[in-house]
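Structure assessment
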Amino acid sequence: MGNKKAIFTFVGLVLVAVLGIGIWAYRLLGNMEADQEKTEQLSSRILAGFGDHTAIYKYPVQLSAVDWGKSCLILENGGAGDLGITYKEKWNEALGTVDNYPGDAVKGIVMIAMDMQEKGEYVNKIGQKDKAYQRNYIISYVDLEKKVVIARDTLYGEEPPLVNRSSGSGAGDFPSDTEVVDSIKGRLKLYFFFLRLWNFDILRIPARKLKCRMEKSSTWL
């Protein structure tokens, strides 16, 4: 009797786990489809400037202050089909820029590209070697009027695990959504904007968090 109860409990836990994974996958695919649909309906001035995933690297770099405030949209470099970019609803919601969609009047684009940096290699017991990578984001700030990149940061992800328990290369996670948005807020000086509106003592903790985030991001040209 006890064994049957344990079996039923185990099967129940497995079913709950499978159901949870299924719901997560369904939501993820739904978000991807929604982002793709919104990408196709972006302003023509944005779509024309990013025809493929290499377009961001063709813009000349002219470093200057990013003084757009929230007059921007966050996009991911690369997209499905012929799209060179992807509109990211979750990042724009977190930054508070969703009302700028489809981008007819924005001053700039925050373009986020994936990057992998080799950090070392794994060697197994028989001498077989595999690479260890750190996953990062390269964040470019494109001035749409001047058609130049005015700032570019590298936001570093987790270090690769010390032990690779699977076959093939190993890598750490990309920076979290919170880290991405905090980095962008720091570059756009949105924290300092709030400091001017409210008493400094009230926002002393967010200001200190900003300093930590900016130390984690290094300038990349």
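Residues numbered from 1 in each chain as written. Predicted model: local features only at pLDDT ≥ 70, side-chain atom pairs only at ≥ 80, totals over all residues. Heavy atoms only, no water.

Brief notes about the overall build of the protein chain
- Counting secondary structure elements, the protein chain contains 6 helices and 7 strands.
- What you see in the protein chain, going N to C, is helices and strands ordered as α-α-β-β-α-β-β-β-β-α-α-α-β.
- Sorting the 221 residues of the protein chain into buried and exposed places 34% on the buried side.
- Sequence-distant contacts, at least 24 apart, represent 66% of the contacts inside the protein chain between residues at least 6 apart.
- Carbon and sulfur atoms make up 57% of the accessible area of the protein chain, which totals about 13900 Å². (Helix = DSSP H or I, 4+ residues; strand = E, 2+ residues; numbered from the N terminus. Buried < 20%, exposed > 50% of the residue type's maximum accessible area, 1.4 Å probe, protein only. Contact = heavy atoms within 4.5 Å. Areas by Shrake-Rupley, 256 points an atom, 1.4 Å probe, with all protein chains shown as cover.)

Brief notes about the packing of aromatic side chains
- Within this structure, the stated rule accounts for 5 aromatic pairs.
- Relative to F174, the ring of Y137 lies with its centre 5.0 Å away and its plane at 15°, an arrangement referred to as stacked. Highlighted residues: Y137 in strand β4 (residues 129-143) and F174 in the loop between β6 (170-171) and α4 (177-188), separated in sequence by 37 residues.
- Take Y137: its relative accessible area is 7%, and that puts it in the buried class.
- Of the residues examined, F174 reaches a relative accessible area of 25% and is grouped as partly exposed.
- Every member of this aromatic cluster is reached through a ring pair, and the members are W91, Y137 and F174.
- Taking NZ or CZ as reference, K38 lies 5.2 Å from the ring centre of Y101, over its face. (Phe/Tyr/Trp six-rings, centres within 6.5 Å; stacked < 30°, edge-to-face > 60°. Lys NZ or Arg CZ within 6 Å of the ring centre and 35° of its normal.)

Brief notes about α4
- Between its first and last C-alpha, α4 extends 17 Å over 12 residues, near the 16 Å set by a 1.5 Å rise per residue.
- Within two residues after α4, K189 carries a phi angle of roughly 60°, on the positive side. (Expected span 1.5 Å × (residues − 1).)

Observations concerning the pairing of strand β5 (residues 148-156)
- With 8 of 9 residues buried, β5 is to be regarded as a mostly interior element.
- Pairing of β4 with β5 involves 8 bridges; the strand directions are antiparallel. Across the sheet, residue N136 finds its bridge partner in β5, namely Y156.
- Between β4 and β5, which follow one another and run antiparallel, lie 4 residues, and K147 among them has a positive phi close to 60°. (Pairing = 2+ DSSP bridges.)

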